[in-house]
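Understanding the architecture of this molecule
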Amino acid sequence: MSFALLSALSIVCVDAAAAARPLPQTMPIAHETTTLVMVQETPVEKTPAAPVVRSSAEPVEDAAVDESVGETVAETAPADEIFTDPLVFENESDEAVAEKLITYLESVDTLSGEFTQIAPSGAISDGKFYLDRPGKLRFEYEPPTPLLLVASGGLVYVRDEALETTDSYPVGRTPLKFLLSRKIDRDDAQVVSVDRGVDNVAVTFSSSDDETEGELTLIASAPDFALRRWIVRDPQGGMTIVTLSNVRAGERLANSLFAAPEAGGRFLNR
């Protein structure tokens, strides 16, 4: 798979330790594959910081994130006074929290709304998304990004209007399969980490299948479990963050939204 397809939908609110965590040794390190489309645009000067998420098993550092400017600023208050609200599901096991999120995903019928994507380069893209489970997804990128991504029939199609090409690859080879499967295979979806916040939770999954590359972190509000963000982390450690907004659930979506784009590209088996 070309590097341009290395992580397009690639969602998060994991902390810095989680972001720096090496991939499991069982995950293959491939240099020409992954899950989605990395948008190669001019990097922005500053990448917004991800929301602070604190794991109950990790210490609190003497710093806080100022989300208005996307920078880390010194915290003058003592470390034990930074977080005063209890973490959601603090007394539940990681396995129980992950199961709650999986159960929520399996209950989702349709979601639609808008998205903002931050590529590993720092480039920011916006657009509209449509999710019709199982199996269907559409990402419409706004100009100047010339891309359209459609998942349907077990394949992901990536249309590049600038190049007038459409490449495709199997959904099952990407962590995207966890979003699109009717029933998530608990044996395949291995829980890498669970991070709890005051009003959100982040669960990172990898696949037990060696042909599926990368990790997927799903971030949902809590305790209601509404999907708000996800991150795809490719085998090289690059992360693509997708934040959802103005999300509407349960609306009927036209089948025409998920028609395969015009052919003319390559089928990428890896």
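Residues numbered from 1 in each chain as written. Predicted model: local features only at pLDDT ≥ 70, side-chain atom pairs only at ≥ 80, totals over all residues. Heavy atoms only, no water.

1. With respect to the overall build of the chain
In terms of helices and strands, the chain carries three helices and 13 strands. Split into buried and exposed, the 270 residues of the chain put 49% on the buried side. Total accessible area on the chain is roughly 12700 Å²; 50% of this is exposed by carbon and sulfur atoms. (Helix = DSSP H or I, 4+ residues; strand = E, 2+ residues; numbered from the N terminus. Buried < 20%, exposed > 50% of the residue type's maximum accessible area, 1.4 Å probe, protein only. Areas by Shrake-Rupley, 256 points an atom, 1.4 Å probe, with all protein chains shown as cover.)

2. Overview of the nonpolar core
Most often, soluble globular proteins have nonpolar side chains that are buried together. F139, L179, L218 and W230 are the most contacted members of the largest nonpolar core, which has 43 residues in total. When near neighbours in sequence (up to four residues on either side) are disregarded, L179 contacts L105, R133, L216, L218, L227 and W230. Counting six residues, the second-largest nonpolar core is a separate cluster that includes L148, L253, L257 and F258. (Core = buried A, V, L, I, M, F, W, Y, C linked by side-chain atoms within 4.5 Å. Contact = heavy atoms within 4.5 Å.)

3. What to know about unusual backbone geometry
Here the amide bond leading from P143 into P144 is cis, since omega sits at 10°, within 30 degrees of zero. The omega torsion across A222 and P223 is 10°, close enough to zero to call that bond cis. Locating P223 in the fold gives a position in the loop between strand 11 (215-221) and strand 12 (227-233). Positive phi, normally seen in glycine, also occurs at F89, with a value near 55°. Here E164, not a glycine, exhibits a phi torsion of approximately 55°, which is positive. Relative to the assigned elements, E164 resides in the loop between strand 7 (155-160) and strand 8 (165-170). Overall, the relative accessible area of 59% leaves E164 in the exposed class.

4. Description of the confidence of the model for the chain
Taken as a whole, the chain shows an average pLDDT of 74; of its residues, 66% reach a score of 70 or greater. Low pLDDT, under 50, characterises residues 1-83; the predicted model gives this stretch 228 contacts beyond four residues in sequence or across chains. Scored below 50 in pLDDT, residues 265-270 shows 24 contacts in the model against residues more than four places distant or in partner chains. (pLDDT = per-residue confidence, 0-100.)

5. Quick notes on the environment of D185
By the secondary structure assignment, D185 is in the loop between helix 3 (177-180) and strand 9 (189-196). Residue D185 is classed as partly exposed on the basis of its relative accessible area of 44%. As a C-alpha pair, D185 and I102 span 83 residues in sequence and 9.8 Å in three-dimensional space.

6. Here's the deal with the pairing of strand 13 (residues 239-249)
In this sheet, strand 13 lies alongside strand 3 (residues 110-118) in antiparallel orientation, the contact comprising seven bridges. Bridging across to strand 13, S112 finds its partner in R248. A loop of five residues connects strand 12 with strand 13, the two strands running antiparallel in sequence, and G237 in this loop sits at a positive phi of about 95°. (Pairing = 2+ DSSP bridges.)

7. Some thoughts on the side chain of D132
Position of D132 among the secondary structure elements: in strand 4 (residues 124-132). Comment: no salt bridge for buried D132; closest opposite-charge side chain is K136, at 4.7 Å. If near-sequence neighbours (up to four positions away) are discounted, D132 is found in contact with D109, T110, L253 and F258. (Lys, Arg positive; Asp, Glu negative; His and termini not counted. Salt bridge = Lys/Arg side-chain N within 4 Å of Asp/Glu carboxyl O.)

8. With respect to the sheet that holds strand 7
Taking strand neighbours across the sheet as the criterion, the 11 strands line up as 8-7-6-5-4-3-13-12-11-10-9 in an open arrangement whose pairing is antiparallel. Sheet topology places strand 8 and strand 9 at the edges, where each strand pairs with a single neighbour. Shown here is a sheet whose adjacent strand axes are inclined to one another by a mean of 20°, direction ignored. Pairing between strand 7 and strand 8: six bridges, direction antiparallel. Paired with D160 across the strands is T165, a residue of strand 8. Across the sheet, helix 2 (residues 94-107) is in contact with strand 3, strand 9, strand 10 (200-207), strand 11 and strand 12; its angle to strand 10 comes to roughly 90°. (Axes fitted to C-alpha atoms, helices over the stretch in contact; angles between N-to-C directions.)

9. Observations concerning helix 2
The end-to-end C-alpha distance of helix 2 is 20 Å, a good match for the 20 Å that 14 residues give at a rise of 1.5 Å each. When we look at burial in helix 2, the residues that qualify are V97, A98, L101, I102, Y104, L105 and E106. Buried residues in helix 2 make contact with strand 3, helix 3, strand 9, strand 10, strand 11 and strand 12. (Expected span 1.5 Å × (residues − 1).)

10. A closer look at the pattern of salt bridges
Pairing between side chains becomes possible if they bear opposite charge and their charged atoms approach one another. Under the definition given, this model contains 10 salt bridges. A salt bridge links R138 to E140; its shortest N-O distance comes to 2.6 Å. Of the residues examined, R138 reaches a relative accessible area of 15% and is grouped as buried. Among the residues examined, E140 registers a relative accessible area of 24% and is labelled partly exposed. With a closest N to O distance of 3.6 Å, R173 and E211 form a salt bridge. Here E211 lies in the loop between strand 10 and strand 11 and R173 lies in the loop between strand 8 and helix 3, a separation of 38 residues in the sequence. Taking relative accessible area as the criterion, E211 reaches 46% and is therefore assigned partly exposed.

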